[in-house]
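# Structural features, examined
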Amino acid sequence: MLEAITSSEQAIALEDKHGAHNYHPLPVVLSRGEGVYLWDVEGKKYFDFLSAYSAVNQGHCHPRIKASLIEQAETLTLTSRAFHNDILGPYEKYVTEYFGFDKVLPMNTGVEAVETAIKIARKWGHEVKGVKENEATIVVANNNFHGRTTTVISFSNDENARKNFGPYMSGFINIPYDDVNALEKVLKESPNVVGFLIEPIQGEAGVVTPSEDFIPKVAELCKEFNVLLMADEIQTGIARTGSLLAVCGNCTCEGHCERQSTYVKPDLLILGKALSGGVYPVSAVLADNHIMNVIKPGQHGSTFGGNPLGAKVAMTALEVVRDEKLAQNARKLGQIFRERMQHLVEKSDWVTLVRGRGLLNAVVIDQPKNGDVAWRICLALRDNGLLAKPTHGNIIRFAPPLVMTEEELHTCCDIIESTILNFK
Ligand SMILES: *Cc1c(COP(=O)(O)O)cnc(C)c1O
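All values reported here derive from a predicted model rather than from experimental measurement. (Residues numbered from 1 in each chain as written. Predicted model: local features only at pLDDT ≥ 70, side-chain atom pairs only at ≥ 80, totals over all residues. Heavy atoms only, no water.)

## Comments concerning helix H8 (residues 180-189)
To keep it simple, the criterion reads: Relative accessibility under 20% of the residue-type maximum defines a buried residue, over 50% an exposed one, and the middle range a partly exposed one, all with a 1.4 Å probe and only protein chains included. To qualify as a helix, a DSSP run of H or I must reach at least 4 residues; to qualify as a strand, a run of E must reach at least 2; elements of each kind are numbered from the N terminus. Note: the arc covers the axis-to-C-beta directions of the helix. Within 3.5 Å is the distance limit for a polar contact, defined as a pair of N or O atoms, with the added protein rule that one can donate a hydrogen and the other accept it, and that residues adjacent in sequence qualify only through two side-chain atoms.
For H8, the set of buried residues is Val180, Ala182, Leu183, Val186 and Leu187. Angularly, the buried residues of H8 cover 160 degrees about the axis, an arc narrow enough to put them on a single face. Along H8, exposed side chains directed more than 90 degrees from the buried face belong to Asn181, Lys185, Lys188 and Glu189. You can read the cap of H8 off the contacts: a side-chain oxygen lies 3.2 Å from the backbone nitrogen of Asn181, and it is on Asp179.

Structure representation (structure tokens):
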């Protein structure tokens, strides 16, 4: 029987004793969520300002997504792809029309979708572009985060993520982020490049936001050199940054992209996290036929990928984003948030910078190397009813669910402001 949890200390002690220590969570034990709110086991209420790394853009336990999950759970959950099921086809039609691609390859977790995109790009490179077998190369950015598999950590430059997990996968070239010239140089020198894998904003690196014209310029270069633009929108996609996808830039379409001039269409679009509304792992790679058709039966797959439960949940999660105009809300609230934080930057010695787009934002805390100021600020925020977590020591990411109201956002900004102004 499951041990009943009656206190935070008890839950934390159990995790410490019985679970691998691969995370360092903020000490708070959550037992319930609804919309933008979370409650801990003692009953204290918090604003969620992490949204499970942008997986719960639609808010906790969204009633429509929950209803979909329950309905499908009572009907059919898993068939494997050995047989067809009656949800996968309608979901595939829905998701491809939603994002404007011919085809989707369904997977489960984010990193699986990244791996899938890498496999498609390599196969396309060898079979369509004509690169000699085993020589396909993929260009990636420094300080990237694309997940935790052995291949993906091979091209990470975070020592903690990488060290002693070798031998590493070859076939990747790292260049600085937001550096069009570096990309052009590599593409000129290396005819074997088949893809450029990029986060439109680097979330884990601390919401590092590139110049406005970075993605459009990168897209032009990829076209010129016949290289696939692989957009990892696992964290930035699905309305988080104030447009349906971060590659949409300043597109002002109604959530559904109308292919405005600022829109860049990647060759491979990688989605995860909020694709499921934070309910059940669902990820996907989208591409047009001339790329996706390199994958033939038996060449790639996953037991749970495309299962009816996940497909149903994902379809509803996307409907919620569109019906509740979450991209527009994220854009509007994001501007307010950054304005309020800018005031804080001027008033506080602790906060030196605010950056981000839509509701994916971060503040940089002035602290000595290896200091713990940002961590202690997050503890103080927790005590004042708001949950956020530092990344890379001195950066605090602020990414609430996109269903937040303007009034709630102001309340949250008040909490952040008074916490930091009173911080010692
Ligand atoms: C979270 C994330 C991933 C990995 O997703 P998992 O579901 O944790 O495997 C990959 N890329 C980006 C940009 C992410 O934010």
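## Let's talk about the site of the ligand
The following threshold applies: Residue proximity to a molecule or strand is established when one non-hydrogen atom of the residue lies within 4 Å of it. The Shrake-Rupley method, run with a 1.4 Å probe sphere, supplies the accessible areas, and residue values consider only the shown protein chains as cover.
In the vicinity of the ligand, the contacting residues are Thr109, Gly110, Val111, Phe145, His146, Gly147, Glu199, Asp232, Ile234, Gln235 and Lys273. In this structure, an oxygen atom belonging to the ligand sits 2.8 Å away from a main-chain N or O atom of Val111. Contacts to the ligand include Phe145, whose backbone N or O atom sits 3.4 Å from a nitrogen atom. Burial of the ligand by the protein chains amounts to 81% of its free accessible area of 380 Å².

## A few points about the domain arrangement of the protein
In plain terms, the rule: Domain start and end points were adopted from an automatic or database domain assignment. Residues are treated as being in contact if the distance between any of their heavy atoms lies within 4.5 Å. Note: buried area is the sum, over both parts, of the accessible area (probe 1.4 Å) each one loses when the two are combined. Every case where a carboxyl oxygen of Asp or Glu lies within 4 Å of a side-chain nitrogen of Lys or Arg is listed as a salt bridge.
The domains assigned to the protein are domain 1 (8-58 + 326-421) and domain 2 (64-323). At the interface, 28 residues of domain 1 touch 35 residues of domain 2. In total, domain 1 and domain 2 occlude about 2500 Å² of area from one another, counting both sides; carbon and sulfur atoms represent 50% of this. Counting across the interface, domain 1 meets domain 2 through 1 salt bridge. In this structure, Arg397 engages Glu204 in a salt bridge whose closest nitrogen and oxygen atoms are separated by 2.8 Å. One can count 19 residue pairs in polar contact (both at pLDDT 80 or more) joining domain 1 with domain 2.

## Focus: the environment of Asn329
Relative to the assigned elements, Asn329 resides in helix H12 (residues 326-347). In this structure, the C-alpha to C-alpha distance between Asn329 and Phe47, residues 282 residues apart in sequence, is 17 Å. If we skip the residues at most four places from it in the chain, Asn329 touches Leu402, Val403 and Met404.

## Describing the sheet that holds strand S3 (residues 45-48)
Defined as follows: For two strands to count as paired, DSSP must find a minimum of two bridges between them. Each axis is a line fitted through C-alpha atoms, taken for helices only over the stretch in contact, and angles between the N-to-C directions span 0 to 180 degrees.
Read across the sheet, 4 strands follow the order S1-S2-S3-S13 without closing on themselves; strand pairing throughout is mixed. The strands lining the two open edges of the sheet, one partner per strand, are strand S1 (30-34) and strand S13 (386-387). In this structure, strand S2 (residues 37-40) lies alongside S3, joined through 3 bridges in antiparallel fashion. By the bridge assignment, Trp39 is partnered in S3 with Lys45. Across the face of the sheet, helix H14 (residues 406-421) comes into contact with S2, S3 and S13 while running at roughly 100 degrees to S3.

## Points about the pattern of salt bridges
Tallied over the full model, the rule gives 18 salt bridges. Between Arg340 and Asp414 there is a salt bridge, with its nearest N and O atoms 2.7 Å apart. Within this pair, whereas Arg340 is found in helix H12, its partner Asp414 is found in helix H14, the two being separated by 74 residues in sequence. Several salt bridges converge on common partners, so that one network encompasses Arg64, Glu319, Arg322 and Asp323.

## Considering the environment of Glu3
One can find Glu3 in the segment before helix H1 (8-18). With a relative accessible area of 49%, Glu3 lands in the partly exposed category. In this structure, the C-alpha to C-alpha distance between Glu3 and Leu14, residues 11 residues apart in sequence, is 9.5 Å. In contact with Glu3, not counting residues within four places along its chain, are Gln10 and Leu14.

## Concerning the pairing of strand S4 (residues 103-107)
Among the 5 residues in S4, 4 count as buried, and that is most of the element. When S4 meets strand S10 (residues 283-287), the two strands line up antiparallel, connected through 5 bridges. Bridged to Leu105 within S10 is Val285.

## As for the sheet that holds strand S6 (residues 172-175)
Consider a sheet: its strands pair through backbone hydrogen bonds, and that pairing is either parallel or antiparallel. The sheet built from 7 strands is open, its strands ordered S4-S10-S9-S8-S7-S5-S6 with mixed pairing. Because the sheet does not close on itself, it has two edges, and the strands there are S4 and S6. Adjacent strand axes in the sheet meet at a mean angle of 20 degrees when their direction is disregarded. Summarising the sheet, strand S5 (residues 137-141) and strand S7 (residues 193-198) pair through 4 bridges and their orientation is parallel. Bridge pairing in S7 places Thr137 opposite Val193. In this fold helix H4 (residues 88-99) packs onto S4, strand S9 (268-271) and S10, with an angle of close to 120 degrees to the strand it touches most, S4.

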